[in-house]
Amino acid sequence: SAASDVYKRQVANLNAANIALSKNDLDAARTYLAKAGNSPEAIHARGVLNLLEGNLDEAGKLLEQAKAAGVKEAAANLDELRKKEADNQLFDSFE
C-alpha cells in the first residue's frame, strides 16, 4: 500500500541519518532526517543532531519528547546534554 511505502521510505531515511550521525556527517544526517517522518526514533535522531550542532535547547526538547515516547537511548543523550550545558556554564563563568 502507499502508506506502507511511505513508512518504509521514512525508516530507510532514518537508518541513513543514524549512519550519517555515527560518522559525524551532520549535513547528510539533516537531509535524511527531513524525510524520516516523526516516529519517536526520528525525533530522537533530530535531538542527537541538534546536540552535535550545539543547539542545546532544541536538543533538550526533542530528547525529552523521545524519552517520553519510550526511546531508551534518549536518557543517555540527555545526560550528555546536561554535561555540555554544565561545561558551557563553567566556560561562561571565565569570560
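In what follows, the accompanying structure is described. From a predicted model like this one, the values you see are computed outputs, not experimental measurements. (Residues numbered from 1 in each chain as written. Predicted model: local features only at pLDDT ≥ 70, side-chain atom pairs only at ≥ 80, totals over all residues. Heavy atoms only, no water.)

### Here's the deal with the pattern of salt bridges
Counted by the stated rule, this structure contains 6 salt bridges. Asp27 serves as the salt-bridge partner of Arg30, at 3.0 Å between the closest nitrogen and oxygen. One end of the pair, Arg30, and the other, Asp27, are both in helix H2 (residues 26-33), 3 residues apart, so they sit about a helical turn from each other. Linking Glu80 and Lys83 is a salt bridge whose minimum nitrogen-to-oxygen distance equals 3.9 Å. Here the residue Glu80 and the residue Lys83 both occupy positions in helix H5 (residues 73-92), the gap between them amounting to 3 residues, near one helical turn. On the accessibility criterion, Glu80 (37% relative accessible area) is partly exposed. Here the residues in one salt-bridge network are Asp27, Arg30 and Glu53, joined through shared partners. (Salt bridge = Lys/Arg side-chain N within 4 Å of Asp/Glu carboxyl O. Helix = DSSP H or I, 4+ residues; strand = E, 2+ residues; numbered from the N terminus. Buried < 20%, exposed > 50% of the residue type's maximum accessible area, 1.4 Å probe, protein only.)

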